[in-house]
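# Structure assessment
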Amino acid sequence: MIEANIKISAIEYCLGENKESGLDLQKDNPDWRIEDIEEKTGIKTRWIALKGTTAVDLACNACDKIFEKIDKNKVDTLLFVTQSPDYFLPSSSCIIQNRVSLKTTTKCFDINLGCSGFVYALSMAAAYIKSGFSDNVLIVCADTYSKYIDKNDRTNRPIFSDGASATFLTKSDSKRVGPFEFGTDGSNYDKLIVKEGAAKSGFIKNTNPTLHMDGTAVFMFTMSVVSKSINSFLNNQGVIKEKINMYIFHQASKVVLDNLQRVLKIPDDRMYKNIEDLGNTVSSSIPVALKDADSNSRISHEELVLISGFGVGLSWGTCLLTWNKLL
Amino acid sequence: MIDEDKVINIVSQILQLENGEITSVSSSENTENWDSLNHLSILISLDQLLGGRAANIPELATATSIKEIVTLLNKNIDD
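## Some remarks on the overall build of chain A
Along its length, chain A carries eight helices and 13 strands. Relative to its length of 327 residues, chain A is compact, with a C-alpha radius of gyration of 19 Å against a globular reference of 20 Å. Projected onto the principal axes, the alpha-carbon positions of chain A cover approximately 55 × 45 × 35 Å. Residue burial in chain A is summarised as follows: out of 327 residues, 51% are buried. Restricting to contacts in chain A with at least 6 residues of sequence separation, those with at least 24 account for 79%.

## Remarks on the overall build of chain B
If you tally the helices and strands in chain B, you get three helices and zero strands. Against the 2.2 N^0.38 benchmark of 12 Å for 79 residues, chain B shows a C-alpha radius of gyration of 11 Å, consistent with a compact globule. Counting only C-alpha atoms and orienting by the principal axes, one finds that chain B spans roughly 30 × 20 × 20 Å. Residue pairs in contact within chain B that sit at least 24 positions apart in sequence constitute 55% of those at least 6 positions apart.

## A few points about the interface of chain A and chain B
A common way to report how large an interface is uses the accessible area buried once the components associate. With 13 residues of chain A in contact, the opposing surface of chain B contributes twelve residues. Only helix 2 (34–41), helix 6 (215–237) and helix 7 (254–264) of chain A provide two or more residues apiece to the side of chain A that touches chain B. The greatest single-element share of the side of chain A that touches chain B, amounting to seven residues, is contributed by helix 6 of chain A. Considering only residue class, the side of chain A that touches chain B consists of seven nonpolar, four polar and two charged.

## So, the nonpolar core
Looking at soluble globular proteins, one finds that nonpolar side chains tend to be buried together. All names here are of chain A. Counting 123 residues, the largest nonpolar core has Ala59, Ile139, Val140 and Ile248 as its most contacted members. Considering every element that reaches this core, the biggest residue donor is helix 5 (residues 117–131), with nine residues. Each of two domains, domain 1 (6–174) and domain 2 (178–322), supplies a minimum of three residues to this core. Discounting chain neighbours no more than four positions away, the residues touching Ile248 are Tyr272, Ile286, Ala289, Leu290, Ala293, Val305 and Ile307.

## Section: the environment of Pro90(A)
Residue and element names in this part refer to chain A. Note that Pro90 resides in the loop between strand 4 (77–81) and helix 4 (92–99). Here Pro90 falls in the exposed class, since 12 other C-beta atoms lie within 10 Å of it. Through-space distance from the C-alpha of Pro90 to that of Phe109 is 9.7 Å; in sequence the pair is 19 residues apart.

## Here we look at the domain arrangement of chain A
Residues and elements named next belong to chain A. Domain parsing of chain A yields domain 1 (6–174) and domain 2 (178–322). Distance between the C-alpha centres of domain 1 and domain 2: 15 Å. Of the residues lining the interface, 38 residues belong to domain 1; the matching set on domain 2 comes to 40 residues. Counting residues per element, the ones that place at least two in the side of domain 1 that touches domain 2 are strand 1 (6–15), helix 2, strand 3 (45–48), helix 5, strand 6 (137–143) and strand 7 (163–171). Considering every element that reaches the side of domain 1 that touches domain 2, the biggest residue donor is helix 5, with seven residues. In terms of residue class, the side of domain 1 that touches domain 2 is built from 20 nonpolar, 13 polar and five charged.

## Observations regarding the packing of helix 1 (residues 4–14) of chain B against helix 2 (residues 36–49) of chain B
Residue and element names in this part refer to chain B. Look at helix 1 against helix 2: their axes get within 9 Å of each other, and the N-to-C directions meet at 135°. Between helix 1 and helix 2, the interaxial angle falls into the category oblique. Note on packing geometry: the crossing formed by helix 1 with helix 2 is right-handed. Between helix 1 and helix 2, the contacting residues are Lys6, Ile10, Val11 and Ile14 on the first element and Asn38, Ser41, Ile42, Ser45, Leu46 and Leu49 on the second. For the contact of helix 1 with helix 2, a count of residues per class yields six nonpolar, three polar and one charged.

Reading guide: rules and limits
Residues numbered from 1 in each chain as written. Chains lettered and ligands numbered in written order. Predicted model: local features only at pLDDT ≥ 70, side-chain atom pairs only at ≥ 80, totals over all residues. Helix = DSSP H or I, 4+ residues; strand = E, 2+ residues; numbered from the N terminus. Rg over C-alpha atoms; globule rule 2.2 N^0.38 Å. Buried ≥ 20, exposed ≤ 12 C-beta atoms within 10 Å, placed from the backbone. Contact = placed C-beta atoms within 7 Å. Nonpolar A, V, L, I, M, F, W, Y, C, P; charged D, E, K, R; others polar. Core = buried A, V, L, I, M, F, W, Y, C linked by C-beta atoms within 7 Å. Domains from an automatic or database assignment. Axes fitted to C-alpha atoms, helices over the stretch in contact; angles between N-to-C directions. Parallel < 35°, antiparallel > 145°, perpendicular 65-115°, else oblique. Left-handed = near helix turned anticlockwise from the far one by under 90°.

Listed below in C-alpha cells is the structure:
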C-alpha cells in the first residue's frame, strides 16, 4: 500500500476540436431513439478530434496548458497513458518529450491502460517520488477512441469523447496521495477490445481497427466487481464511507455512475458527475473531473476524495486523495 | 424461489407493454423493444427488487429471455 508525501499540484486538459450533439447522431442514424440513449448515457455532447489530430497532438496541447502554470524544466518523469498511440513503436511519450521540449534526462514511458490508467499512473508516480527516483512527475492521459468507432455503432458512439489531460505531481509535506488498491480480470479481456491491426490479426495492412464493447457485461462488472472492490478498499483502510467528502469515479456513463451510487449508498452531494457535456474521455475522465470539481469548489483543501477507475482489461484501481487546491 | 410473475411484471414495465404481452416464453428474439438499452434497465430493476443481489450474477448480461432470467435467479439467489 503506497502512501506518499506527494500532491497533485496542477491539472489541465483539452478536448477534441469538434462538438457532436444528439442531433448529429440522429442525422447518421435516423432509427436511433436519441432521448432513450441520452437518458442512459447521460451524455448530450461529445468532443471528437479532427481526422488529422492524434492522441499525441491532444496530449501536447494539454502539456502546453499546464506549462503555463508549472516550469517544464522541473519535470523529470513523463508517464503517458494511452490506447491510441501514434505508432506501435516508438512509445508516444518519447514523441511528446520532444514535441513539448522536456529535458532529455526525462524518464518517459507509455502505460497501455484505459479507464483505470490514471489511477495506475498515479501509483507509479507516487512510488517513483517516494523512492527518490523522481522529484516531479507529469502524468499525461490521452485517447482518441472515436477513431475506432463506426458512425453507426450505437453502443460506443454515444459515449466516448476524445481528450487529453496533464497532471503534475510533486513532493508534499504530508501524505496526500494513497493508499491504493488494484485489480485485474483478464478472463474478460474481450469484453472491451480493438481486435484488428496488431499481432493477433497478423499486422494486416488497411484493416479498420474497431472498438467492440459488450456493454451489458461491462455494466455488470462495474456493479459487482468495482462496487465490491471499493467497499473492500474502505474496509481494508478502516475508512468509513461518511468520511469521504467526494467520490470521483471514472465518468463511464450515467447508468454506470447512478448504479454505483445506488449500490454504494453514496449521497447525491458526494457523488461527482460531469459527463453530460464532456462524454467519456477514457483515462482522462478522472483528472478532468478532479480539475472541474476543484475549479467549481466542489472539493476543497484537506477534504478526502476517493477516486476509482475501471474498464478495459478488465482492470480497476482505487485511491484516496487528501485534496489540496490546484494551481 | 423467484416468482416468474415478478420478472414478467418488471420486463413488461420496462418495455412498456400491457399485461399478457410478456409471457414465460418471451425473449429478446420475439419481443420488439427488448434491445440492449432496455435489457440494462431490466437488470437494474431486478437488482433493485433483489436488494443488490442480481448484480453479482454476471451471466444475467446475456440472459435475454424470461426463462433464462428466472433460471439464473433461482440458481444463484436463496430466498
